[in-house]
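Topology and contacts: notes
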Amino acid sequence: MPLPTPSTASSAAFAASLVLAGAWSAVGLAAPPWTVERGPIELRLEAEGRLEAARSLAMRLVPAAFRGSLVVEEVLVEGGMVERGTVILRLDDREQREALERARLELEEANARLELTREEHRLAEEGGEVRLERARLAAERAARALERHEAIERDRRARGEALRLARTEDGVGNQLQELEQLEQMYAGTSLATETKDIVLERARRSLARARESLALTEIDHARCVEIEAPDRETDLANGARWSEQDLRHAETSQRLEAIRRRLAFAEGERKVRDLAERVEELEADLAATEVRAPATGILTPITLERGDSISPRSAFARILDVDAFGIDTTIGPQEMGWLATGATVEATLAAVPGLAVEGVVVEISPIGRPRDDGTAFPMRVELPANDPRMLLGLAATIAASHRTEPVLAVPADAVRVDGERTFVMLLRDGVEQEAEVLVGRRGVRLVDILSGVVPGDRVVVEAAGEPNP
């Protein structure tokens, strides 16, 4: 973001003061007083570090499905520069081939069971439809039987029973009338006694049998009216109700069975899918037994030998990316105020005089850690590998600068420290006076004064060669 700049006059005065102070110092004389004005100060960062690979890829084996031993069969490259795709080592793949064959057989069996389940479900669904249709027809028949009984058969049966009782009663009355007529008729005749007795006896027996039949009919009629007819009506009503209930149960049972079938089929499909994925993963694991370099770079030394086991997920080597370099260093709280991720910095190498490489700040940790002069915040810079003289491990210096917004500033040589007191000497009417100040940011030559001076104050600067406070 562009920083505010002082007015033209102020900037000119500020620059002139710097030039004049430098001239007096160059000849070894005390510098003239510094006139306090508002102007920017230059902040500068210099941090030390070493060239490292910008990115490091860990070489590790992460099997997707295989859980057996990862045993080295042959190491082809033990270290050094490698190209992407170079075969670095091979693993003994016998256990992996066996695991893959078992998984393929399990997949075939699961597919066969799934097909069997599909056919069983089809038959069960057809059988369920038949059972449901039977229950539906039975419920309809029972309902019609009850309706027919209530509309026709109940009254018809009652009338039939009443008619049968009436006929039996009429038969008894007829037999009684016949006997009475025979007795009257034979009373005044001269027929032989035996003949008369035979005819009358027959009539009396017929009457007795008719009365006995009437008694049985009355019993049957009472049983029909009091027991059989109500029982018949109850049975029909219960039959209709039970058939309707059976139909509802059949419908519910069919729905439940359909859900069970879908769940069973889904489970079978899921098992087939899982086994198919396992086969694919084991095939990928088998292909990965020939371990290749994932990128072009420098392979760190491999100490494995034939027969050694490799722990899954544990790095056994690394590939250092040589297309870019990284430098890990630290900055202080003051630099945290103006240096940010994405900022451009310059790196120089003591071993390669004259070489300056532009880099970019890629990370600044917001969490500081203690150091002798306060707090340090880790920072990482990345540089392009654009010069063959740039080698891993070389010492590097990171430099960056920043111009602040206009502030009240004095030369660093004007600020003095006495114990816990920080002060400057003001020149007023030819007399030097102490003025305690609160110091802010320290620039390359100037110091930001937060309080203690005002614009126009004249500050005494120490003679050249004297130590800065």
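Above: the structure in question.
Residues numbered from 1 in each chain as written. Predicted model: local features only at pLDDT ≥ 70, side-chain atom pairs only at ≥ 80, totals over all residues. Heavy atoms only, no water.

1. Focus: unusual backbone geometry
Generally, phi is negative for residues other than glycine and the peptide bonds are trans, each holding for most cases. Even without a glycine there, the phi angle at Arg313 is positive, about 75 degrees. In this fold, Arg313 is placed in the loop between β10 (297–299) and β11 (317–320). The class of Arg313 is exposed, set by a relative accessible area of 57%. Phi angles above zero are rare outside glycine, and Asp429 is one such case at about 55 degrees. Turning to its location among the elements, Asp429 is positioned in the loop between β20 (421–428) and β21 (431–436). (Helix = DSSP H or I, 4+ residues; strand = E, 2+ residues; numbered from the N terminus. Buried < 20%, exposed > 50% of the residue type's maximum accessible area, 1.4 Å probe, protein only.)

2. Concerning the sheet that holds strand β23 (residues 446–451)
Sheet strands line up and pair through hydrogen bonds in the backbone, either parallel or antiparallel. Pairing is antiparallel across the open sheet formed by 4 strands, whose spatial order is β2-β18-β23-β22. Each having just a single partner strand, β2 (38–39) and β22 (438–442) make up the two edges of the open sheet. Taken together, the 2 bridges between β2 and strand β18 (residues 407–411) define a ladder with antiparallel strand orientation. Residue pairing for β18: Gly39 is matched across the bridge by Val407. (Pairing = 2+ DSSP bridges.)

3. A closer look at the sheet that holds β10
Read from one edge of the open sheet, 4 strands run β5-β11-β10-β7, paired in antiparallel fashion. For this open sheet the edge positions go to β5 (56–59) and β7 (80–82), each flanked by a neighbour on one side alone. Averaged over all pairs of adjacent strands, the angle between strand axes in this sheet comes to 35 degrees, irrespective of strand direction. Note that β10 and β11 share 2 bridges and pair antiparallel. Looking at the pairing, Leu299 lines up with Ile319 of β11. (Axes fitted to C-alpha atoms, helices over the stretch in contact; angles between N-to-C directions.)

4. Considering the side chain of Thr289
Considering the arrangement of structural elements, one finds Thr289 in the loop between α3 (193–287) and β9 (290–292). Looking at Thr289, its side chain comes within polar contact range of the main-chain oxygen of Leu286, at 2.5 Å. Filtering out sequence-adjacent residues up to four positions away, Thr289 remains in contact with Leu89, Arg90, Leu91, Asp93 and Gln96. (Polar contact = N/O pair within 3.5 Å; in protein donor to acceptor, adjacent residues only side chain to side chain. Contact = heavy atoms within 4.5 Å.)

5. Re helix α2 (residues 94–187)
Taking 1.5 Å as the rise per residue, α2 with 94 residues should run 140 Å; its terminal C-alpha atoms sit 129 Å apart, in good agreement. Along α2, the sharpest change in direction is near 55 degrees and occurs at His149. (Expected span 1.5 Å × (residues − 1). Bend = angle between axes of the 7 residues up to and from the residue.)

6. Here we look at the pairing of β21
Looking at chain direction, β20 and β21 are connected through 6 bridges and run antiparallel. Residue pairing across strands places Phe423 opposite Glu436, the latter belonging to β21. Linking two consecutive strands that pair antiparallel, namely β20 and β21, is a turn of 2 residues; a positive phi of about 55 degrees is found at Asp429 within it.

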